[in-house]
Amino acid sequence: MTTLRTSAQLCDRGLITSEQCAALESVAARYAVALPPALTQLIDCNDPADPIARQFVPDAAELDHRPDELADPIGDDAHSPVEGIVHRYPDRVLLKLTHVCAVYCRFCFRREMVGPDKPNALSPQALARAFAYIRMHPEIWEVILTGGDPLVLSARRLRAVMKELTAIDHVKVVRIHTRIPVADPARVTRDLVRSIKIKGKATYVAIHVNHPRELTPEARAACARMADAGIPLLSQTVLLAGVNDTADVMGELMRSLVECRIKPYYLHHGDLAPGTAHLRTTLVHGQALMAALRGRVSGLCQPQYVLDIPGGAGKAPVGPNYLRSENSSVTERDAGQETRYRVTDYCGEVHFYPPRP
Ligand code: SF4
C-alpha cells in the first residue's frame, strides 16, 4: 500500500465515492492531501462518520471559507524575524525546518503553508541565518522544531541540526513536534531516535494524536523506542467535532497516551484555519469536556486546554474555572479578612474556601 495523494486514489481505495471524486479534486488542488498506509488501514469505509477519515480525507466543506477564518491563524508571520524562525515568546523560538508532512490533516492551522508544492526544506543559507539568529539571542532557552513535520527529514539531516543546536550554550532544551509516530511509525528507527538526542541538553518530543485508534501497536512501539532511549514524550491533541469531542473518546485517548508513557500536554481549541468550521467545536463545549475529564480520569491524564489567540498573541489556557470569589466586598477586605472563594469539585458540588466556621 502506498500513500494516497489524489482524489482518484482515495476513490479507488473506497474512501470516497465516484460522485465525490470530481468535487474533491478542487479541494485537493487547494490543500495538500496525503494519507499514508498506517492511517488508511485504520479507516472503516462503511462508517460515514469514521473519526480517522474525518481527519484526513478531504471534504467539500473545506471550500467553505468563513469571514473570521485566517490564512495564518496563529500569526506566525508577524513574529518571524528571519525565514524559518518564529519568535513569539521571549525564551523560545520555533524553527520550521520543512513544509512537508507524512499526512495532511484537514484542520491544519498551517494548511496554507504546508504541502509538497511548498519549499521542501529551508535552504542551507536560510538555515544558517536561522542558527545565527538563535546564537545572537541569549534569551532563547528552548528551540521547538516544527514544520511541516521535522521527523520527515533523514537521521543525517536531523543529526546535523541537533549538532548546531548543541553548540549554542544558552539553548538548553530542544522540543520536536511531530505526527510521524502515528502517521509512519516505521520511520522512527533506532538511528532516527539516536539522531535527535543531544549530549548535555534535553530533547522532548511532542506527539500529535487525536483519537485512541491512532495508537496502534506499531505507533506504541515507535513511542516506546523514544521513551526507552530516555526521551520524555508529551502529547498535543486538537479538539475536533466528530472525532474526539466526547468525554468517552477523549478520556480513552488521554489514558492510552499515559499508558504509552506520553504525558498529555496540550488540548488545542481548533484554530480559525480556512475551511475548517465543520471540524471546530465551541469553547463552551471544550470547557464542559474538560470538566467531564476532571471527574473521570487521573490527574496524569489531564491536558491543558488552550486557545491560540488569533493574530499571534500566543496561547491562553481556556479550561473551566473552578474558583470564584464569593464576596469581594470592600468591607471584608478592609477588615483584613481573606476573601472567601467558591470552589467546585469534580462532581460539580460547590465548597467554600476557607470553609465557613
Ligand atoms: S502533521 Fe501537523 S503540520 Fe502537518 S498537516 Fe498535520 S497538523 Fe499540519
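For the structure, see preceding data.
Being a predicted model, the structure only gives us computed values, none of them experimental.

J.: Mind laying out the overall build of the protein, listing which residues take part and the relevant values?
T.: A tally of regular secondary structure across the protein gives twelve helices and twelve strands. Its C-alpha atoms give the protein a radius of gyration of 22 Å, near enough to 21 Å, the size a compact globule of 357 residues would have. For the protein, the spread of C-alpha atoms along the three principal axes comes to 70 × 55 × 40 Å. Across the 357 residues of the protein, 49% fall into the buried class. Counting contacts in the protein only where the partners sit at least 6 residues apart, residues at least 24 apart contribute 73% of the total. Each charge class in the protein was averaged separately, 42 positive and 40 negative side chains, and the resulting centres sit 7 Å apart.

J.: Can you tell me about the sheet that holds strand β1 (residues 85-89), naming the residues and giving the values?
T.: On the basis of which strands lie adjacent, the open sheet formed by nine strands has the order β1-β2-β3-β4-β5-β6-β7-β8-β9 and mixed pairing. Whereas interior strands pair on both sides, the edge strands pair on one side only; in this sheet they are β1 and β9 (314-317). This sheet shows a mean twist of 30 degrees between the axes of neighbouring strands, independent of strand direction. In the sheet, strand β7 (residues 262-268) pairs with strand β8 (residues 304-309) via three bridges, with the strands oriented parallel. Note on β8: the bridge partner recorded for Leu267 is Tyr305.

J.: Quick one: what's the story with the pairing of strand β12 (residues 350-353), residue by residue and with numbers?
T.: Relative to β12, strand β11 (residues 341-344) is paired through four bridges, and the arrangement is antiparallel. In the sheet register, Thr344 faces β12, and the bridge partner there is Val350.

J.: Give me the pattern of salt bridges: which residues, what numbers.
T.: Evaluated as defined, the whole model comprises 19 salt bridges. Among the ionic pairs, Asp76 bridges to Lys96, the shortest N-O distance being 2.9 Å. Placement of the pair is Asp76 in the loop between α4 (51-56) and β1 and Lys96 in strand β2 (residues 92-96), with a sequence separation of 20 residues. Of the two residues, Asp76 and Lys96, both sit in the buried class.

J.: Break down the packing of aromatic side chains for me, citing the residues and quoting the values.
T.: Overall, the coordinates contain one aromatic pair when judged by the stated rule. When the centroid spacing of 4.0 Å and the interplanar angle of 25 degrees are considered together, the rings of Tyr265 and Tyr266 count as stacked. When its relative accessible area of 13% is taken as the criterion, Tyr266 is described as buried. Above the ring of Tyr89, the side-chain terminus of Arg92 is found at 3.9 Å from the ring centroid. For the cation-ring pair, Arg111 lies above Tyr31, with the distance from its terminal atom to the ring centre recorded as 3.7 Å.

J.: Account for the nonpolar core, naming residues and giving values.
T.: Residues Leu35, Leu95, Ile134, Val143, Leu145, Leu165 and Leu233 are the most contacted members of the largest nonpolar core, which totals 83 residues. Other than its neighbours up to four places away in sequence, Leu95 contacts Gly84, Ile85, Leu122, Leu127, Ala130, Phe131, Ile134, Val143, Ile144, Leu145 and Thr146. In terms of nonpolar packing, the next biggest core, distinct from the first, is built from seven residues, Ala32, Ala34, Cys101 and Val114 among them.

J.: Residues and numbers for helix α6 (residues 155-166), please.
T.: An α-helix turns once every 3.6 residues. As a result, residues three or four positions apart point the same way. Given a rise of 1.5 Å per residue, twelve residues ought to cover 16 Å, and the 16 Å separating the end C-alpha atoms of α6 matches this to within 8%. Contact partners of the buried residues in α6: α5 (124-136), β3 (142-146), β4 (173-178), α8 (190-195) and β5 (202-208).

J.: Could you give an account of the sheet that holds β11, naming the residues involved and the relevant values?
T.: Reading across from one edge, β10-β11-β12 is the order of the three strands in this open sheet, with antiparallel pairing throughout. The open sheet is flanked by β10 (323-325) and β12, the only strands paired with a single partner. The average angle at which neighbouring strand axes cross in this sheet is 30 degrees, direction not considered.

J.: Describe in detail the side chain of His170, supporting the description with residues and values.
T.: In this fold, His170 is placed in the loop between α6 and β4. There is a polar contact of 3.1 Å between the side chain of His170 and the backbone oxygen of His137. Residues within four places of His170 in sequence aside, it is in contact with Ile134, Arg135, His137, Pro138, Ile140 and Trp141.

Calculation criteria
Residues numbered from 1 in each chain as written. Predicted model: local features only at pLDDT ≥ 70, side-chain atom pairs only at ≥ 80, totals over all residues. Heavy atoms only, no water. Helix = DSSP H or I, 4+ residues; strand = E, 2+ residues; numbered from the N terminus. Rg over C-alpha atoms; globule rule 2.2 N^0.38 Å. Buried < 20%, exposed > 50% of the residue type's maximum accessible area, 1.4 Å probe, protein only. Contact = heavy atoms within 4.5 Å. Lys, Arg positive; Asp, Glu negative; His and termini not counted. Charge placed at Lys NZ, Arg CZ, Asp CG, Glu CD. Pairing = 2+ DSSP bridges. Axes fitted to C-alpha atoms, helices over the stretch in contact; angles between N-to-C directions. Salt bridge = Lys/Arg side-chain N within 4 Å of Asp/Glu carboxyl O. Phe/Tyr/Trp six-rings, centres within 6.5 Å; stacked < 30°, edge-to-face > 60°. Lys NZ or Arg CZ within 6 Å of the ring centre and 35° of its normal. Core = buried A, V, L, I, M, F, W, Y, C linked by side-chain atoms within 4.5 Å. Expected span 1.5 Å × (residues − 1). Polar contact = N/O pair within 3.5 Å; in protein donor to acceptor, adjacent residues only side chain to side chain.

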